[in-house]
Number of protein chains: 2
Amino acid sequence: MDTSEREEGTQLRLEFDKLGKIGARGQRVVPVVLQHAETGEVLFVGYANREALAETLRRREAVLWSTSRDELWHKGATSGDRLDVVDVRVNCEQNSLLYRVVPRTGGACHTKDADGRARKTCYYRRLTNAEELEFV
Amino acid sequence: MDTSEREEGTQLRLEFDKLGKIGARGQRVVPVVLQHAETGEVLFVGYANREALAETLRRREAVLWSTSRDELWHKGATSGDRLDVVDVRVNCEQNSLLYRVVPRTGGACHTKDADGRARKTCYYRRLTNAEELEFV
């Protein structure tokens, strides 16, 4: 399945390899939930190591660790879709983070809607069953 | 740091080993964000494999894969804090899920607040800097 089918299609094709790759590469990261601080919408899940978290707190903009490129990822540095950080929260067991953010342009996803604008969230499809998706 | 300090303390002690362990054990899971469908609050992050997702869709209650116990985890089966599922969404790259839920009792976290009730969310502390936490 190519990227377009995975991102714009209506078939569920979950990618179960990502966390295994993170482990195999020895990347010491925690999952980060990015949430719109005003609407409550969940935007996407990223990953952060100590450096990404430190940069997030310093800049007050969402910074993550790109597990695929194995480098610091300052969200929106290229696209302009920066995410201003309201606060950062940690869960009970301290093995995940929640970045509460306000998207500067409104866009948060790297995919585009029918009008060519960055989607507001990466969760734009719901499961109708264990195989099929529909756009929200 | 013991569990109580990690869960009830005000020092940031992120646990960066979890994803590495998931990889080392060969667990084929994706992260799942659990969100309160009515308030928008992010409750916690769990993990799901195909079986957990299938059980979630069948029961219409949140079912996850316990990566520590390496077994199916029907949230609330013991505590009573079950999470009724409104819908399940998938992200652009199909490497994470979003369970939109309504907590049956109001509680979602395994930790307890000062009144002895299960906390409504696991994200009850915010970072004041890269080392310290405060309760929200």
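Rules of the game
Residues numbered from 1 in each chain as written. Chains lettered and ligands numbered in written order. Predicted model: local features only at pLDDT ≥ 70, side-chain atom pairs only at ≥ 80, totals over all residues. Heavy atoms only, no water. Pairing = 2+ DSSP bridges. Helix = DSSP H or I, 4+ residues; strand = E, 2+ residues; numbered from the N terminus. Axes fitted to C-alpha atoms, helices over the stretch in contact; angles between N-to-C directions. Least-squares fit on C-alpha atoms with pLDDT ≥ 70 in both. Contact = heavy atoms within 4.5 Å. Buried area = accessible area lost by both parts, 1.4 Å probe. Salt bridge = Lys/Arg side-chain N within 4 Å of Asp/Glu carboxyl O. Polar contact = N/O pair within 3.5 Å; in protein donor to acceptor, adjacent residues only side chain to side chain. Nonpolar A, V, L, I, M, F, W, Y, C, P; charged D, E, K, R; others polar. Phe/Tyr/Trp six-rings, centres within 6.5 Å; stacked < 30°, edge-to-face > 60°. Lys NZ or Arg CZ within 6 Å of the ring centre and 35° of its normal.

Participant: Would you mind showing me how to read the sheet that holds strand E2 (residues 42–48) of chain A here?
Facilitator: The strands making up a sheet are joined through hydrogen bonds of the backbone, oriented either antiparallel or parallel. The strand order E2(A)-E1(A)-E6(A)-E5(A)-E7(B)-E8(B) describes an open sheet built from 6 strands, whose pairing is mixed. The open sheet terminates on both sides in strands that have one partner only, identified here as E2 of chain A together with strand E8 (133–135) of chain B. Between one strand axis and the next, the sheet turns through 35° on average, direction left out of account.

Participant: I keep staring at the relation of the copies chain B and chain A and nothing clicks. Help me out?
Facilitator: Note on the chain copies: they are related by a rotation about an axis and a translation along it. Least-squares fitting of chain B to chain A yields an RMSD of 0.0 Å, with the superposition described by an axial translation of 0.0 Å and a rotation of 180°. Given the turn and translation reported, the copies of this chain are related as if by a two-fold rotation axis. Both copies contact each other with a shared surface, as 100% of the interface residues of chain B are interface residues in chain A too.

Participant: I would appreciate a short explanation of the interface of chain B and chain A in the present structure.
Facilitator: Reports often express the size of an interface as the amount of accessible area lost when the parts come together. Opposite the 55 residues of chain B that make contact, chain A presents 55 residues. For the pair chain B and chain A, the summed buried area comes to about 4900 Å², and 64% of that belongs to carbon and sulfur atoms. By the criterion of area lost to chain A, the three top residues of chain B are B:Phe16, B:Cys92 and B:Gln94, representing 17% of everything that side buries. Counting the contacts that link chain B with chain A gives 4 salt bridges. A:Arg126 serves as the salt-bridge partner of B:Asp87, at 3.0 Å between the closest nitrogen and oxygen. For the pair chain B and chain A, the number of links is 26 residue pairs in polar contact (both at pLDDT 80 or more). For the side of chain B that touches chain A, the elements supplying multiple residues, two or more each, are helix H1 (3–8), helix H2 (18–24), strand E1 (30–36), strand E2 (42–48), helix H3 (50–59), strand E5 (83–90), strand E6 (97–103) and strand E7 (125–127) of chain B. If you tally residues by element for the side of chain B that touches chain A, the top one is H2(B), at 5 residues. Among the residues making up the side of chain B that touches chain A, the classes are represented as 28 nonpolar, 13 polar and 14 charged. Summarising the sheet, strand E5 (residues 83–90) of chain A and E7(B) pair through 2 bridges and their orientation is antiparallel. What sits directly across from A:Arg89, in E7(B), is B:Arg126.

Participant: Would you explain the pattern of salt bridges in this entry?
Facilitator: A side chain with one charge can pair with a side chain of the opposite charge if their charged atoms come near. Evaluated as defined, the whole model comprises 26 salt bridges over all chains. Taking the shortest distance from any N to any O, the salt bridge between A:Glu8 and A:Arg119 comes out at 2.9 Å. A residue pair is termed long-range when its members are at least 10 positions apart, and A:Glu8 in helix H1 (residues 3–8) and A:Arg119 in the loop between strand E6 (97–103) and strand E7 (125–127) qualify at 111 residues. One salt-bridge network, held together by shared partners, links A:Asp87, A:Arg89, A:Arg100, B:Arg126 and B:Glu134.

Participant: Honestly, the packing of aromatic side chains in this entry has me stumped. Any pointers?
Facilitator: All names here are of chain A. Taken as a whole and assessed by the stated rule, the structure comprises 4 aromatic pairs over all chains. Ring geometry for Tyr124 versus Phe135: centroids 5.8 Å apart, planes at 25°, classification stacked. With Tyr124 in the loop between E6 and E7 and Phe135 in strand E8 (residues 133–135), this pair connects stretches of sequence that are 11 residues apart. Between the NZ or CZ atom of Arg119 and the centre of the ring of Tyr124, over which it lies, the distance is 3.8 Å. Above the plane of the ring of Phe135 lies Arg125, whose end atom (NZ or CZ) is 6.0 Å from the centre.

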